[in-house]
Amino acid sequence: MKLQHRITIIGLAAAAVAGFVYSQIHIHEKNRREIREIAAELAYTWRNQLNLSIDQTQLLEDAIIEFTIKKNEIINSSLGTGQQVNKLKTIQKSEHKSLQKFLTQEQFENYIFLNKQLTRKS
């Protein structure tokens with residue numbers, strides 16, 4: 001194969017890879033934006049229900065984003081259902097520890113109580 005053909009093929013391959021990478025970044029950014037918007041709405045709702053301060057609301061929003069991403073990675077993984085459930089339980093324990101760092105005991109207990117009620121209604 002001539003050198004010029006090789007360069008052309010390499011160039012086309014590089015363009016295809018670049019297009020794929022760009023599309024993945026775009027899709028990822030769109031998903032992140034959606035997660036941030038949903039997290040802001042959820043944090044605001046929790047703010048009213050748990051009587052959170054502005055700082056607590058921001059910390060809760062950050063936690064919602066962090067743990068939603070982690071949970072989505074597990075749900076979208078190729079792990080079996082049992083492994084996914086176990087990993088999600090571990091993530092939830094970690095999430096609760098994180099929330100306890102900035103919520104009062106009463107706020108945290110109300111969060112757990114209300115969350116269970118919402119889960120039962122679903």
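Predicted model, so just to flag it, every value in this text is computed and none were measured. Each chain carries its own residue numbering, running from 1 in the written order of its sequence. Local features in this predicted model are restricted to residues whose pLDDT is 70 or higher, and side-chain atom pairs enter the listing and the counts only when it is 80 or higher, whereas totals over whole chains, interfaces and linings include all residues. Side-chain metrics in this entry use all non-hydrogen atoms of the structure; hydrogen atoms and water are not considered.

Novice: Give a description of the pattern of salt bridges that names residues and reports values.
Specialist: A pairing counts as a salt bridge when a side-chain nitrogen of Lys or Arg comes within 4 Å of a carboxyl oxygen of Asp or Glu. Evaluated as defined, the whole model comprises 2 salt bridges. The shortest N-O distance in the salt bridge between K70 and E66 comes to 3.0 Å. Here K70 pairs with E66, and both are found in helix α2 (residues 54–75), just 4 residues apart, close to one helical turn. Between E95 and K71 there is a salt bridge, and its shortest N-O distance comes to 2.8 Å. Placement of E95 in helix α3 (residues 81–100) and of K71 in helix α2 is noted, with a sequence separation of 24 residues between them. For every residue, the accessible area obtained with a 1.4 Å probe (protein chains only) is divided by the maximum for its type, and the residue is called buried under 20%, exposed over 50%, and partly exposed between those limits. Among the residues examined, K71 registers a relative accessible area of 26% and is labelled partly exposed. Helical segments are the DSSP runs of H or I of at least four residues, strand segments are the runs of E of at least two, and each set is numbered from the N terminus.

Novice: Pulling in residues and values, what's your account of the packing of α2 against α3?
Specialist: Following both chains from N to C, one finds α2 and α3 inclined at 170°, their axes separated by 10 Å at the closest point. One way to sum up the angle between α2 and α3 is to call them roughly antiparallel. Residue-level inspection shows L60, A63, F67, K70, K71, I74 and I75 of α2 in contact with α3, the latter providing Q84, K87, L88, I91, S94, E95, S98 and L99. Asp, Glu, Lys and Arg are counted as charged, while Ala, Val, Leu, Ile, Met, Phe, Trp, Tyr, Cys and Pro are counted as nonpolar; the rest, among them Gly, fall into the polar class. In terms of residue class, the contact of α2 with α3 is made up of 8 nonpolar, 3 polar and 4 charged. Note on method: axes are straight lines fitted to C-alpha atoms, helices fitted across the in-contact stretch only, with angles between N-to-C directions ranging 0 to 180 degrees. By definition in this entry, angles of less than 35 degrees are roughly parallel, angles greater than 145 are roughly antiparallel, angles of 65 to 115 are roughly perpendicular, and the rest are oblique. Residue contacts are counted whenever heavy atoms from the two residues lie within 4.5 Å of one another.

Novice: Explain the confidence of the model for the protein chain residue by residue, including any values.
Specialist: Across the protein chain, pLDDT averages 81, with 73% of residues at or above 70. What pLDDT conveys is the predictor's confidence in a given residue, as a value from 0 to 100. Taken element by element, the predicted model of the protein chain shows its lowest mean pLDDT in helix α1 (residues 3–50) (69) and its highest in α3 (92).

Novice: Let's hear about the environment of K71: which residues, and what values?
Specialist: As for K71 and Q84, which are separated by 13 residues in sequence, their C-alpha atoms are 9.2 Å apart. Apart from residues no more than four positions distant in its own chain, K71 is found in contact with L88, I91 and E95.

Novice: An account of a positive patch on the surface is needed here, citing residue identities and associated values.
Specialist: Taken together, K89, K93, K97 and K101 make up a surface patch of like positive charges. As for its position among the elements, K93 is in helix α3. Classification of K93 by relative accessible area gives exposed; the value is 59%. The patches described consist of residues with a relative accessible area above 30% and no salt bridge, like charges being joined within 9 Å and nonpolar side chains (Val, Leu, Ile, Met, Phe, Trp, Tyr) within 5 Å. Note on areas: Shrake-Rupley, 1.4 Å probe, and residue coverage restricted to the protein chains presented here. For the purpose of charge, His is not counted, nor are the chain termini; Lys and Arg are scored as positive and Asp and Glu as negative. Charge coordinates come from a single atom per side chain, which is NZ of Lys, CZ of Arg, CG of Asp or CD of Glu.

Novice: Break down α3 for me, with residues and values.
Specialist: With 20 residues, α3 ought to run about 28 Å at 1.5 Å a step, and its terminal C-alpha atoms sit 28 Å apart, in line with that. Regarding α3, the residues found buried are Q84, I91, E95, H96 and L99. Along the axis of α3, the buried positions cluster into a sector of 145°, meaning they face one direction only. Those residues of α3 that are exposed and angled more than 90 degrees off the buried face are T90, K93 and K97. Here, expected helix span is obtained from the residue count minus one, scaled by 1.5 Å. Starting at the helix axis, one direction is taken to each C-beta atom, and the arc is that of these directions.

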